[in-house]
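The residues making up each chain are set out below.
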Amino acid sequence: MSPRTRDFGDGSIMLDVNLKAPEHYINRELSFLDFNQRVLAQAHDERLPLLERIRFLGISCSNLDEFFEIRVASLKQRQELGSLTGGPDGMTVPEQLTAIHERAAALVKDQYELLHQLVFPDLATQGIQFVNAKTLTPAQRKWVGDYFAKEVEPVLTPLGLDPARPFPRIQNKSLNFIVRLSGKDAFGRDAELAVVQVPRSLPRIIRLPATTGDEPGKTYFVFLSAVISTFVAQLFSGMKVEGAWQFRVTRNSDLFVDDEEVDNLLRAIEGELAQRRYGAAVRLETSLDCPEDITSFLLRHFALKRDDLYQVNGPVNLNRLMAIYDLVDRPDLKFPPFTPCIPKRLVAKEDIFAVMREGEVLLHHPFEAFAPVIDFLRQAAADPDVLAIKQTLYRTGPQSPVVDALVDAARAGKEVTVIIELMARFDEAANIQLATRLQEAGAHVMYGVVGYKTHAKLIMVVRRERGKLRRYCHCGTGNYHPNTARVYTDYGLFTCDEAVGEDLHELFLQLTSPTRVATMQKILQSPFTLHEGLLEKTRREMAFAREGKPARIIAKMNALIEPQIIQTLYSAAMAGVKVDLIVRGICALRPGMPGISENITVRSVIGRFLEHSRVYYFHNDGSPEIFCASADWMERNFFRRIEVCFPIERKQHRDRIVEDLQTYLADNEQAWVLRPDGKYERASANGAPPVTAQQVLLQRYSDCND
C-alpha cells in the first residue's frame, strides 16, 4: 500500500506519516554513549598532541562515570518501581539496560586497549615511562617500597571480613582492594578476606626521582594502585597474601529533594549531600584478573547483577590519568597556547557602560576573553551611580572573581541579589559555600523556584544617570566560570536595550517574589514561552517553504531530544525547509529518512574546546532572526528549568554568528555526521581543503574587531 498524502490546498503535497513512530527516534542513552565514543576517538587521533589525547581518554572515562551515576541509576530506579515503559524510541527500561551494558562494555574495552596499545607506547617514545611491579628496577623498587612505608601505609586501614567485622561502607568511585589471605591472625583465627580502602588524599600517580639504572632522558611514573598491590603484604604481618585485586563501585549520585515536602531547600540539599557518597550501587569495576568467586562475592554484596560488572585491564579509574597533563612540563605535547582577544571597543574605553550605550557588544568565548564580564561587575561594584546588581549563578568555580566582585558590591552598599542554583549537579557543596559567603557580605541570596532549576545566565546592573534609572545587562549561553570560559565555546551579549532590561527585570521578580507570568517583549523564557516560541518560528519557516520561498533553520546546541520539537522539525523538512543541526551530544532525531527528514542534517563537532553555545537561526523570508540561549532542546530545559533565549539584533553581530555557524557546517576534520541508521561517521573533505572550525575561529577572532 502506498503511503497516504496530504494536500494543503496551496499546491504542496506531503506524505501523511506517523511522526511519533518509534523507528523515527534514536534512544537518548545510546546516543550519549555514541557521543562518548566520539570523545574517545579524539584520544585515538594521532594528529593531536599526545597529552591532549590522554585528556580526551580521561574525559571519556569521567563522562561514563557520570552517565552511570545519573542516567543508569535513574533507569534502575524506574525498573525497581515497576516502570518499564521507554521513551519515544519505544525501548523498554530492561531493553535499554541490556543495550547500555553491551555498548558500555565495548567502550571500556576500547579505552583500555587504547591505554596499552597507544598511550603507554607513545608516552615511552617521548621519554615518559609508567612502571609496575614487573618493570621496576632494583633502585626504583627500593624507592617505591620506602614511599609505601612512609607515605601510604600509615594512612591505610586494612579491614578484615568476619562476623565481628562486616563489609565496610564503600564510597562512590573510591579505589579499594579486596585481599585473599591464608593463615591465622594474632588471635588465632582463620582469616580469608580483607578490604583495603584507599583515601582520596593520596595521589593516584607518583613521579619517581632519578635512580641508578634509569635510562637517560626518561621520566618515570607509577600508579598508586601498582604501589599498593606490590607491597600489600606488608599490611598483613604473619599472614600470607594469596592475591589482591582492585575494585571500584559507582553509586547513584542524583540528589532527590521532594518539592512538596521541603521547607528549607538549603538544609534539604545539605542533608542529601551527606548521603550521596553511599547511594545505591549501579556498577562494579574490578581488575581483569579478579577471580570468579571474588567478583561473585562483590556482586552479591552490592546487590548487582552480572551485567553491572566491568572488568578492566589496568587502573580502575582511568580519568586519574589526566593528572599526567600537569605533572609533565612538555609544551610540545600540548595544544599551542593562545591569548583570548578583547574587542577593540572595550580596549579603547575603560568605561564599559559608555561602550554599551554606543551599541551592544557580543563576545564569543574562548576565542574572545571572559575578562570583560568580570570588569563589568567590578566597575559596577565600584561605581557610585550603580544602585543594584542582580545575577544568576549556576557554576562559578572556587575562588571566583565573579563572586569577589559581588561581595565587594554588597559591602559597598549596593543592593546585590543573587539567584544561586543549589541543584547544579556535583557543584552543590561549592554553591552552598558561595551562598554563605555572599550572605555574610550582605547580599540577598535566593535559590530560585523550587521544582524549577535556574539555568539562565544573566546579569542586570541598575544605574542612575541624569536623574533616571538605566539597566545594563549581560546575557550568556554559558556559566559565569572564568576557568570553563577558557575551554567552553559560548556567546555573551552586553546590552542596555530598554526592552531587554525590562524583560530581565520581570524575570528577576519571578525568581525572587510571588508574581504573575509577565509578557516579555524580546526574550523567550522557559518554562513559559520558549518551547511554543520555537515551534511557532519553525512553523513560520514551513509556511514560507509552502509558498515556494527559501526557508532554513540552523540550530546549534548540546542535546536534542524533546519529541514535539523533533516532530515539528520533521514536518518542516517534509514541507521543504532546509534544517541544519549542530548537536554536540545526545540527538534523538534521525536525519536523512526518505520522505521525512531528507532535508535535515545533523553533525557533532568534537575538538579542543567543548562546544557549549546554543544558537538558533531562522531565515524568516530574508529577514533573519538569531537567538542565543542557555537552553538545549530537551524536556527539562523547556518545562522544568528557568531558561532565557535572547535575540541578537545588531546586524554586524548576526552576520558574525551566521559566519561562525557556516564554519561549523563546513568542518571536515573534527565533525561527525549522523546517518539515518543512527550511527555517526567522520565528515569527509571529499577533495576539498581541510576545515577545522575551532582553528578557523581562533584565527578569525585573533584580530578582535567588534
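Quick note: structure is the one above.
Residues numbered from 1 in each chain as written. Predicted model: local features only at pLDDT ≥ 70, side-chain atom pairs only at ≥ 80, totals over all residues. Heavy atoms only, no water.

1. As for the sheet that holds strand β8 (residues 219-223)
Spatially, three strands are ordered β3-β8-β7 in an open sheet, and the strand pairing comes out mixed. What marks the edges here is a single partner per strand, and that holds for β3 (128-131) and β7 (205-208). Geometrically, the sheet is characterised by an average inter-axis angle of 35 degrees between neighbouring strands, direction not taken into account. In this structure, β7 lies alongside β8, joined through four bridges in antiparallel fashion. If you follow Ile205 over to β8, its bridge partner there is Phe223. Along the sheet, helix α3 (residues 93-125) contacts β3 and β8; its crossing angle with β3, the most-contacted strand, is approximately 130 degrees. Along the sheet, helix α4 (residues 138-152) contacts β3, β7 and β8; its crossing angle with β7, the most-contacted strand, is approximately 130 degrees. (Pairing = 2+ DSSP bridges. Helix = DSSP H or I, 4+ residues; strand = E, 2+ residues; numbered from the N terminus. Axes fitted to C-alpha atoms, helices over the stretch in contact; angles between N-to-C directions. Contact = heavy atoms within 4.5 Å.)

2. With respect to the sheet that holds strand β10 (residues 281-287)
The six strands lie next to each other as β4-β6-β5-β9-β10-β11, forming an open sheet whose pairing is mixed. Looking at strand neighbours, the two that pair on one side only are β4 (159-160) and β11 (309-312), the edges of this open sheet. Two strands pair when backbone bridges link them, and strand β5 (residues 176-182) and strand β6 (residues 193-197) are joined in this way by five bridges, in the antiparallel orientation. From the neighbouring strand, Val179 faces β6, where its bridge partner is Ala194.

3. A few points about the packing of helix α1 (residues 28-44) against α3
Packing of α1 against α3 brings their axes to within 10 Å, and their N-to-C directions diverge by 5 degrees. In terms of orientation, α1 and α3 fall into the roughly parallel class. Between α1 and α3, the contacting residues are Glu29, Leu30, Leu33, Asp34, Asn36, Gln37, Leu40, Ala43 and His44 on the first element and Gln96, Ala99, Ile100, Arg103, Ala104, Leu107, Asp110, Gln111, Leu114 and Leu118 on the second. (Parallel < 35°, antiparallel > 145°, perpendicular 65-115°, else oblique.)

4. Observations concerning the nonpolar core
Core analysis: the biggest nonpolar cluster contains 130 residues, and Leu57, Leu560, Leu569, Leu581, Leu589, Tyr616 and Trp633 have the highest contact counts within it. Other than its neighbours up to four places away in sequence, Leu57 contacts Leu40, Ala43, Gln111, Leu114, Leu115, Val119, Leu318 and Leu321. (Core = buried A, V, L, I, M, F, W, Y, C linked by side-chain atoms within 4.5 Å. Buried < 20%, exposed > 50% of the residue type's maximum accessible area, 1.4 Å probe, protein only.)

5. A few points about the pairing of strand β27 (residues 641-647)
For β27, the buried fraction is high: seven of the seven residues fall into the buried class. In terms of strand pairing, strand β16 (residues 453-454) meets β27 through two bridges, oriented parallel. When the bridges of β27 are listed, Lys453 appears paired with Arg641. Sheet topology note: the strand β20 (residues 524-526)/β27 ladder contains three bridges and is antiparallel. Counterpart to Leu524 in the pairing with β27 is Cys645. Here strand β26 (residues 625-629) pairs with β27 via three bridges, running antiparallel.

6. Things to note about empty space enclosed by the protein
In this approach the atoms are scanned with a rolling probe the size of a water molecule, which exposes any empty space left behind. Tallied over the entire structure, the rule returns three cavities of 30 Å³ or more. Estimated volume of the largest cavity: approximately 110 Å³. Along the wall of the largest cavity there are 13 residues; nearest its centre are Leu175, Arg204, Pro315, Asn317 and Arg320. Counting residues per element, the ones that place at least two in the lining of the largest cavity are α5 (224-231) and β9 (240-251). (1 Å grid on protein atoms, 1.4 Å probe; cavity = no way out; pocket = protein on both sides within 12 Å on 5 of 7 lines; lining within 4 Å. Points joined across faces, edges and corners; volume = space filled by probe spheres on them.)

7. Observations regarding the environment of Lys457
Here Lys457 shows up in strand β17 (residues 457-465). Lys457 has contacts with Thr392, Tyr394, His474, Cys475, Gly476, Thr477, Gly478, Asn479, Tyr480 and Ser630, leaving out every residue within four places of it along the chain. One polar contact links Lys457 to Asn479, side chain to side chain, over a distance of 2.7 Å. (Polar contact = N/O pair within 3.5 Å; in protein donor to acceptor, adjacent residues only side chain to side chain.)

8. Comments concerning the layout of surface pockets
Estimated volume of the second largest pocket: approximately 670 Å³. Sorting the residues of the lining of the second largest pocket by element identifies α3, β3, α5 and β9 as the ones contributing at least two each. Per element, the largest residue contribution to the lining of the second largest pocket is four residues, and it comes from α5. Here the lining of the second largest pocket is composed, by residue class, of 12 nonpolar, 10 polar and two charged. (Nonpolar A, V, L, I, M, F, W, Y, C, P; charged D, E, K, R; others polar.)

9. Topic: helix α14 (residues 498-512)
When the terminal C-alpha atoms of α14 are compared, their 21 Å separation across 15 residues agrees well with the 21 Å that a helix rising 1.5 Å per residue should span. For α14, every residue scored as buried is listed here: Ala499, Val500, Gly501, Asp503, Leu504, Leu507, Phe508, Gln510 and Leu511. (Expected span 1.5 Å × (residues − 1).)

10. Comments concerning the environment of Pro594
Mapped onto the elements of the fold, Pro594 is located in the loop between β22 (578-583) and β23 (600-605). In sequence terms Pro594 and Pro676 are 82 residues apart; their C-alpha atoms lie 9.0 Å from each other.

11. A short note on the pattern of salt bridges
Within this structure, the stated rule accounts for 43 salt bridges. In this structure, the salt-bridge partner of Asp34 is Arg103, at a minimum N-O distance of 2.8 Å. On the criterion of sequence distance, the pair formed by Asp34 in helix α1 and Arg103 in helix α3 is long-range, its members being 69 residues apart. Classification of Asp34 as buried rests on a relative accessible area of 16%. In this structure, the salt-bridge partner of Arg463 is Asp385, at a minimum N-O distance of 3.8 Å. In this pair, Arg463 is assigned in strand β17 and Asp385 in the loop between α11 (371-382) and β13 (386-393), connecting sequence segments 78 residues apart. Look at the salt bridges and you will find they share partners, linking Arg357, Asp383, Asp385, Arg463, Glu465 and Arg470 into a network. (Salt bridge = Lys/Arg side-chain N within 4 Å of Asp/Glu carboxyl O.)

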